[in-house]
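Structure at a glance
The residues making up each chain are set out below.
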Amino acid sequence: MDFNLTDEQQMLLESVDEFCERYFTEDVVKKMYEDHGMPQEIAEAYRDAGFGLMGIPEEYGGIPMDRVTIGLMIERLYQKSGCMHILYQNSLSMFDIMEFGTEAQKQEAMDHYMETGWPIASLSISEPGAGSDNRSMTTVAKKQADGTYKLSGQKTWVTMGEKLPYTIVVAKDEDPSHDNGNMSLWFVKMDTPGVSTAPLHKIGQQCIPFCEVYLDDVVLTEDQRMGEPGKGFMMLMKNFEVERSYIVAEQVGLAQAALEDAAKYANQRIAFGKPITRLQMIQELLADMEIKVQNTRNMLYKTLWMMDNDQPVQLESAMLKRYGCKSCWEVADSALQIYAGLGYTTEVRVGRLWADMRGNMFGGGTHEVMAYIAGRQVAKKYAE
């Protein structure tokens, strides 16, 4: 194993550092949380720096990149910005379009991104009664006599759904019943008649707007389909393993920021006549925080390395998501404990990190479902 960074990776991280130092001052971050969004200037600067093009095929104007290097970029981006923002999550729908979209959809998506700095589409997957239990989805697309389709249902936890011009909808084919596992992906324009939204109000991640999307007999045509009919959810499942790993990369970066803040504060905070870093209970907190960050980071880059080498990672990505998101949030929780009462105010950022990171334990698959996926894989692994 070689843990050294290449010269190119080191230069990339230095560029990320410079970007975050310029655009993510504490005043800017606080304003983002107040406004529930990100300034246009930052999105455009992120695009111009090329970060949002990483992993996009070269023939569409992207920058081909291995997953380990993308993971390094994401971790550093969230560590140095010190907040749960939208920038990297924007790339997830672009990846889906590049993999499953038609040529026209791909080109439209890239033209929109290069013009605006924002992705063209959100992802509409979860429903009020169907999160991890995807068979319980009831959103359905039914073919009509004239060859069009009517799309009906409700989606929730749609990131940037009210801000972006399209959404990618997962819908059952013809029959909304639980027994029907055939689903398709549809590229739906948000101003289509029958599409409406309502904002969701969250505990954390205040600078990322979420919404519900209502679909009331939305008329679709065949050219709005993405990928093969009936294979929509399986196509997205393929990308879930990558998504889960990148969510953990965000989480490691945020945990590193919380750890650094807490250690710096503990060195400065005087109690009983000495810095609290000389108190054994604080030392134990800091040691366990460092262990959790290092363990998660090692699991993350092993999983991404396996992906880059075309090795199956169904077990590894589920274990990573289950262990990593929880352990990193525990780092933020310990950081808040070290700050004590000050950490429970808005004067320092650890409380913000604590609330933001708790949300990442849901995104991409819950803590409990990751155990379900991993447990089955462990049983198979040792069956013989």
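Before reading further, recall that the structure is shown in the block above.
The paragraphs below set out a description of the structure included in this document.

**Let's talk about the pairing of strand 4 (residues 166–173)**
- Buried residues dominate strand 4, accounting for eight of its eight residues.
- Here strand 2 (residues 140–143) pairs with strand 4 via two bridges, running parallel. From the neighbouring strand, Ala-141 faces strand 4, where its bridge partner is Asp-173.
- Bridge analysis of strand 4 against strand 5 (residues 183–189) gives seven bridges, and the strand direction is antiparallel. When the sheet's bridge partners are listed, Ala-171 is paired in strand 5 with Ser-184.

**Section: the packing of helix 7 (residues 232–268) against helix 10 (residues 350–359)**
- Between helix 7 and helix 10, the shortest axis-to-axis distance is 10 Å and the interhelical angle comes to 155 degrees. By the angle class used here, helix 7 and helix 10 are roughly antiparallel. The interaxial crossing formed by helix 7 with helix 10 has left-handed handedness. Residue-level contacts link Gln-251, Leu-254, Ala-255, Ala-257, Ala-258 and Asp-261 of helix 7 to Val-350, Leu-353 and Met-357 of helix 10.
- A breakdown of the residues in the contact of helix 7 with helix 10 according to their chemical character gives seven nonpolar, one polar and one charged.

**As for the packing of aromatic side chains**
- Taken as a whole, this structure holds twelve aromatic pairs when the rule is applied.
- Here Phe-19 and Tyr-23 contribute two aromatic rings whose centre-to-centre distance is 5.1 Å and whose plane-to-plane angle is 45 degrees, an arrangement assigned as tilted. In this pair, Phe-19 and Tyr-23 are both assigned in helix 1 (residues 7–23), four residues apart and thus about one turn of the helix distant. One exposure class covers both Phe-19 and Tyr-23, and it is buried.

**Some remarks on the state of the cysteines**
- By the definition in use, this model includes zero disulfides.
- The cysteine Cys-20 is free of any disulfide, with Cys-83 supplying the nearest cysteine sulfur at 8.7 Å.
- Cys-83 forms no disulfide, and the closest cysteine sulfur to it belongs to Cys-207, at a distance of 4.8 Å.
- The class for Cys-83 is buried, based on a relative accessible area of 0%.

**A word on the pattern of salt bridges**
- Across all of its chains, the model carries eleven salt bridges by this definition.
- We note a salt bridge from Arg-352 to Glu-26, for which the minimum N-O separation is 3.1 Å. Remark: Glu-26 occurs in helix 2 (residues 26–35) and Arg-352 occurs in helix 10; sequence separation between them is 326 residues.
- For Arg-352, a relative accessible area of 14% corresponds to the buried category.
- One salt bridge in this structure joins Asp-261 and Arg-349, with 2.6 Å as the shortest N-O distance. Placement of Asp-261 in helix 7 and of Arg-349 in the loop between helix 9 (314–339) and helix 10 is noted, with a sequence separation of 88 residues between them.
- Beyond isolated ion pairs, a larger network of salt bridges with shared partners links Lys-292, Lys-326 and Glu-330.

**Quick notes on the nonpolar core**
- Within the largest apolar cluster, 102 residues are counted, with the highest numbers of intra-cluster contacts made by Phe-19, Phe-24 and Met-73.
- Sort the elements by how many residues they give to this core and helix 7 lands first, with 18 residues.
- Grouped together as the second largest cluster of nonpolar side chains are 15 residues, Leu-151, Val-169, Trp-186 and Val-188 included.

**Here's the deal with the environment of Glu-58**
- When you line up the elements, Glu-58 lands in the loop between helix 3 (40–49) and helix 4 (67–81).
- For Glu-58, a relative accessible area of 58% corresponds to the exposed category.
- Placed 308 residues apart in sequence, Glu-58 and Thr-366 show a C-alpha to C-alpha distance of 34 Å.

**As for unusual backbone geometry**
- The phi angle at His-36 is positive, at roughly 55 degrees, despite the residue not being glycine.
- The phi dihedral of Gln-205 is positive, around 50 degrees, even though this residue is not glycine.
- With respect to the secondary-structure elements, Gln-205 resides in the loop between strand 6 (195–200) and strand 7 (210–220).
- Accessibility expressed as a relative area gives 7% for Gln-205, which makes it buried.

How each quantity is defined
Residues numbered from 1 in each chain as written. Predicted model: local features only at pLDDT ≥ 70, side-chain atom pairs only at ≥ 80, totals over all residues. Heavy atoms only, no water. Buried < 20%, exposed > 50% of the residue type's maximum accessible area, 1.4 Å probe, protein only. Helix = DSSP H or I, 4+ residues; strand = E, 2+ residues; numbered from the N terminus. Pairing = 2+ DSSP bridges. Axes fitted to C-alpha atoms, helices over the stretch in contact; angles between N-to-C directions. Parallel < 35°, antiparallel > 145°, perpendicular 65-115°, else oblique. Left-handed = near helix turned anticlockwise from the far one by under 90°. Contact = heavy atoms within 4.5 Å. Nonpolar A, V, L, I, M, F, W, Y, C, P; charged D, E, K, R; others polar. Phe/Tyr/Trp six-rings, centres within 6.5 Å; stacked < 30°, edge-to-face > 60°. Disulfide = S-S within 2.5 Å. Salt bridge = Lys/Arg side-chain N within 4 Å of Asp/Glu carboxyl O. Core = buried A, V, L, I, M, F, W, Y, C linked by side-chain atoms within 4.5 Å.

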